[in-house]
Amino acid sequence: MAEAADFQGMSPSPARRWLRRSGALLAGVPLLTGLLQLPLGTSAYATEKTAVADATGSSTVAVSLDSLTPSVPTTGDTITVSGTVTNNGKQAITDAHVGVRVGPSLNSRSAIDSAAKRTGFQSGLDPTEVGGTYVAKFSELTVGVSQPFSISVPVDELDLGADGVYQLGVSLTGRTAAQPWDQILGIQRTFLPWQPDAADTKTKTTYLWPLISTVHLTAETGSDAQQTPVFENDDLAAEISPGGRLDQLVSLGGDLDVTWVLDPDLLASVDAMTRSYQIQDGDTTTAGKNQAIAKQWLAKLETTVKDKEVVALPFADPDLASLAHNGTNVTGSLSHLKDATDVAAGTVDTVLHVTPNTDFAWPTDGALDPSIVKVATSAGADKVIARSDSLVETGGLSYTPSAARPIGGGTTAVVADARLSTEFQGDMTKAATSTLAVQEFLAQSLAISLQEPQKQRSIVIAPQRMPSASQAETMAQALTALRDGNWSESQGLSAAAKAKPDPGATTKVPAESAYSSSLRKQELPQSAFEWIRDTQTSLDNFKVILTDQSRVVTPFGRAMDRGMSTSWRGRAAPAAAFRTSVSSYLNDLTGLVKLIEKSDAQLSGRSATIPVTVQNNLVQGVDHLVLRLTSQQPTRLKIGDGPYDEKPIAVSGEHSQSVKFTTSTKANGPVKVVAQLYTVDGQRYGTPVTFEVKVTEITSTVMLVIGGGFLLLVLAGYRMYTQRKRAAARQAEEDVREAESAGEGGDGTVDTEDSAAEDSQDRPSGESDAESGADDPEHPSDLTPDTGPQSTGPSGTGERVDR
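Residues numbered from 1 in each chain as written. Predicted model: local features only at pLDDT ≥ 70, side-chain atom pairs only at ≥ 80, totals over all residues. Heavy atoms only, no water.

With respect to the layout of surface pockets
Approximately 660 Å³ is the volume found for the second largest pocket. Looking at the second largest pocket, it is lined by 25 residues, and the ones nearest its centre are L217, A268, A272, R275 and T554. Sorting the residues of the lining of the second largest pocket by element identifies strand 9 (217-221), strand 10 (229-231), helix 6 (264-273), helix 9 (333-352) and helix 17 (550-563) as the ones contributing at least two each. For the lining of the second largest pocket, the element with the most residues is helix 17, which contributes five residues. The class makeup of the residues in the lining of the second largest pocket is nine nonpolar, ten polar and six charged. (1 Å grid on protein atoms, 1.4 Å probe; cavity = no way out; pocket = protein on both sides within 12 Å on 5 of 7 lines; lining within 4 Å. Points joined across faces, edges and corners; volume = space filled by probe spheres on them. Helix = DSSP H or I, 4+ residues; strand = E, 2+ residues; numbered from the N terminus. Nonpolar A, V, L, I, M, F, W, Y, C, P; charged D, E, K, R; others polar.)

As structure tokens, then:
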């Protein structure tokens, strides 16, 4: 970004410069007199030693500046600096003191960068020590031992000039046994922003406050009616617990005037924790127990963002650059971005009861190229959050321009300032690091305002997506100090995007070849988007058979959104594991609707039925399925009227259904038969079942022989039955005769009429007299043949039965 050559009004007044020069000259007279009284060799030796000490010994002591208050002083304030000094040398240091050095002012943003990078004391670049009573003295600094210090100096004693950014150094001066003279052995420098009076035109500053996390929810849900969600781990509970990263962000952001940038997936995940949920533990799951924490965090967030500007990213914060570079040539990738965008507003509104702005896209680190812009706006966003180290100024502007830039096609690039946006990266757990970051942030902010004091500009700051708790705390300190300053006022992101663009600011999006190679190495590979395509295909085939599609469409749809999350950058192995787990779970579900394996069968005869069983182990019913049974040799075995037959299938949840297919045989021999499920739109579903049918054809002659034999058995049985019946009747008749004989009235006559009647009653119904005597012993006078007169044909084998 172009820099101003100088800040207006940042040099001391002429009168102040004259007083400083006069004071320096007067202070130098005694020193010059003393030097003239010394031998020339001694003076040269001392001067040389001092120069060597300044050049090589100024890093002997580590000076840590742990706090500087106030961060933005004004007239009448007293500045207090505190920290520690640690002797890292090999000798003890004596006659030591810590002093404060302030000035001169820095005339550009790049000068601030240079001063921040310098290490060690450098004469001419580092200011003189305030001295006097404003020092902290140490009789001795032992090797390896840290000692604290604190110095308070009234602002009036710092001799600050006009508004500007001043260097502030804290140095340690001391002596060693090897070098027994005063020398600067350590220094730490920072910046002191100075603008005691309110600026006529304040810079409008927009700070994005991101509330984003990594992926926590899996695609798996319970089989109960509530579809209990399953989390990969319990890390999210730690983040939202009191003192956790996300809890700190909400607490700190509530006291700031910032624009909240939310990932709807985070809200959906925490909302899922407010009810019953499970946590993966190897191959099993355990019950989650942090419902109260989740409810508390959401309630606090809802209260915090009320009446604040809220920007919702697409669901799960998809990696726009990865999609642009590796996903656009994979079918369906852009449709998932559109889906993730469509559900964003509804998710935020449902959970937080606020209506978010969904017009903004935020590529990783604000890095742009034409393909990223095209993808970012494909889902409906017309504003892209970029960064100034991507859209680098090439027009030679002497100041930092406003963030809004029209880049064509009705799209506005909102260019965040790179220096301010990256100020709080790194380890902010150390007080010294945090203090330096805050002061440099304030210095850069004031430097922007002083570039063109009469020209109001809108500056946007987009920090890292997932700041740590310590980083968030440092950011909050800086913004609080900025609010107390006199040169800046807060503004929302939407207002910044609508600000009038600077005519000279760059609007040219860099070529794809200029995209950062380090960022490209972290991108999701093309295989990640191919996985999304394949998973969607499997899901489409699965959902058409379900009676309640929402039970799988919603969780798997969101899982695919999570599969292209920006949070996977630099985490290739966990990303691959997540994709594998989603695919495995979908395969497990589809496998719960299947054909039962069949053993080989044997068919005898011209026709038969073959049963095939479909099993549904899902909790919901399945429908719109077709079962097809196919003969691999239709010339030998037909299914239905041809080589295959189909039947519609509908099976209730956790039930099975058997379907019978009619078959007809043409020839003997084994036949391979394949059973396969299909969806109603003709897509194969599940694994086919193959079994063998052995066909044995039976001829009509064989059937006649078998039938004749069976008939003979029946007739023989009937013959035996009638013979036994007749024998019983004869025996009964003889018994009656004997009884009558014994009871004759003396003349030996028998009542033959009564006897005949009794005999008639003992015969089977329909049996004639001729039949009753058929088995009587033959007598010579018996001329009637065995067969009845109606039987005229020749007698067959075995006994003949009258018909």
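Once the structure has been displayed, the description carries forward.
So, empty space enclosed by the protein
Any empty space left between atoms is shown by rolling a water-sized probe over those atoms. A complete count under the given rule lists five cavities of 30 Å³ or more for this structure. A volume near 110 Å³ is recorded for the largest cavity. Around the largest cavity, the lining is made up of 16 residues, and of these P314, L320, L337, F360 and A361 lie nearest the centre. When contributions to the lining of the largest cavity are tallied by element, the ones reaching two or more residues are helix 9, strand 15 (360-361) and helix 10 (370-378). Residues that form the lining of the largest cavity fall into these classes: twelve nonpolar, two polar and two charged.

Side note on a nonpolar patch on the surface
A cluster of nonpolar side chains, F710, L711 and V714, forms an exposed patch at the surface whose accessible area comes to about 310 Å². Summarising the element assignment, F710 is placed in helix 19 (residues 700-742). Under the relative-accessibility criterion, F710 is labelled exposed at 57%. (Patch = residues over 30% accessible without salt bridge, like charges linked within 9 Å, V, L, I, M, F, W, Y side chains within 5 Å. Areas by Shrake-Rupley, 256 points an atom, 1.4 Å probe, with all protein chains shown as cover. Salt bridge = Lys/Arg side-chain N within 4 Å of Asp/Glu carboxyl O. Buried < 20%, exposed > 50% of the residue type's maximum accessible area, 1.4 Å probe, protein only.)

Describing the pairing of strand 29 (residues 684-696)
Pairing of strand 22 (residues 601-604) with strand 29, which is carried by four bridges, proceeds in the parallel orientation. For Q602, the partnering residue across the bridge sits in strand 29 and is K694. Summarising the sheet, strand 28 (residues 669-679) and strand 29 pair through nine bridges and their orientation is antiparallel. The residue of strand 29 that forms the bridge with K672 is E692. Once strand 28 ends, the chain turns through four residues before running back antiparallel as strand 29, passing G682 with a positive phi of about 90°. (Pairing = 2+ DSSP bridges.)

Details of the sheet that holds strand 13 (residues 284-287)
Strands sit in the order 9-10-12-13 across an open sheet of four strands; the sheet is mixed. Every interior strand has two partners, whereas the edge strands, strand 9 and strand 13, have only one. Averaged over all neighbouring strand pairs, the angle between strand axes comes to 40°, with direction disregarded. Looking at chain direction, strand 9 and strand 10 are connected through two bridges and run antiparallel. (Axes fitted to C-alpha atoms, helices over the stretch in contact; angles between N-to-C directions.)

Here we look at the pattern of salt bridges
Tallying each qualifying case throughout the model produces 26 salt bridges. Linking R189 and D126 is a salt bridge whose minimum nitrogen-to-oxygen distance equals 2.7 Å. Of this pair, R189 sits in strand 7 (residues 183-194) while D126 sits in the loop between helix 3 (109-117) and strand 4 (135-141), placing them 63 residues apart in sequence. Residue classification places D126 among the buried residues on the basis of a relative accessible area of 9%. Between E239 and R245 there is a salt bridge; the shortest N-O distance is 2.6 Å. According to the relative accessible area criterion, E239 is buried, its value standing at 15%. Owing to a relative accessible area of 14%, R245 belongs among the buried residues under this scheme.

Focus: the packing of aromatic side chains
Tallied over the full model, the rule gives seven aromatic pairs. Measuring from ring centre to ring centre gives 5.3 Å for F424 and F441, while their planes differ by 45°; the resulting arrangement is tilted. Taken together, the residues span a long stretch of sequence, with F424 in the loop between helix 11 (418-421) and helix 12 (431-451) and F441 in helix 12 at a distance of 17 residues. Comparing F424 with F441 shows no difference in burial state: the two are buried. Residues F542 and Y685 carry aromatic rings whose centres are separated by 6.5 Å and whose planes lie at 20° to one another, so their mutual orientation is stacked. With F542 in helix 16 (residues 526-543) and Y685 in strand 29, the pair connects residues that are 143 residues apart, well separated along the chain. For the pair formed by F542 and Y685, the shared burial category is buried. Aromatic rings pair up to connect Y207, W209, F424 and F441 into one cluster. (Phe/Tyr/Trp six-rings, centres within 6.5 Å; stacked < 30°, edge-to-face > 60°.)

Some remarks on helix 18 (residues 572-590)
Spanning 19 residues, helix 18 covers 27 Å between terminal C-alpha atoms, matching the ideal 27 Å at 1.5 Å per step. Residues of helix 18 that are buried in the fold lie against strand 9, helix 16, helix 17, strand 21 (593-595) and strand 29. (Expected span 1.5 Å × (residues − 1). Contact = heavy atoms within 4.5 Å.)

Points about the environment of T221
Summarising the element assignment, T221 is placed in strand 9. For T221, a relative accessible area of 18% corresponds to the buried category. Sequence-wise, T221 and F231 are ten residues apart; in three dimensions their C-alpha atoms are separated by 9.3 Å. Excluding residues within four positions of it along the chain, T221 makes contact with Q227, T228, V230, P555 and Y585. For T221, the side chain forms a polar contact with the side chain of Q227, separated by 3.4 Å. (Polar contact = N/O pair within 3.5 Å; in protein donor to acceptor, adjacent residues only side chain to side chain.)

A word on the side chain of E393
Mapped onto the secondary structure, E393 falls in the loop between strand 16 (383-387) and strand 17 (404-408). A distance of 2.7 Å separates polar atoms of two side chains, one belonging to E393 and the other to R405. In terms of polar contacts, E393 uses its side chain to reach the backbone amide nitrogen of T506, at 3.1 Å.

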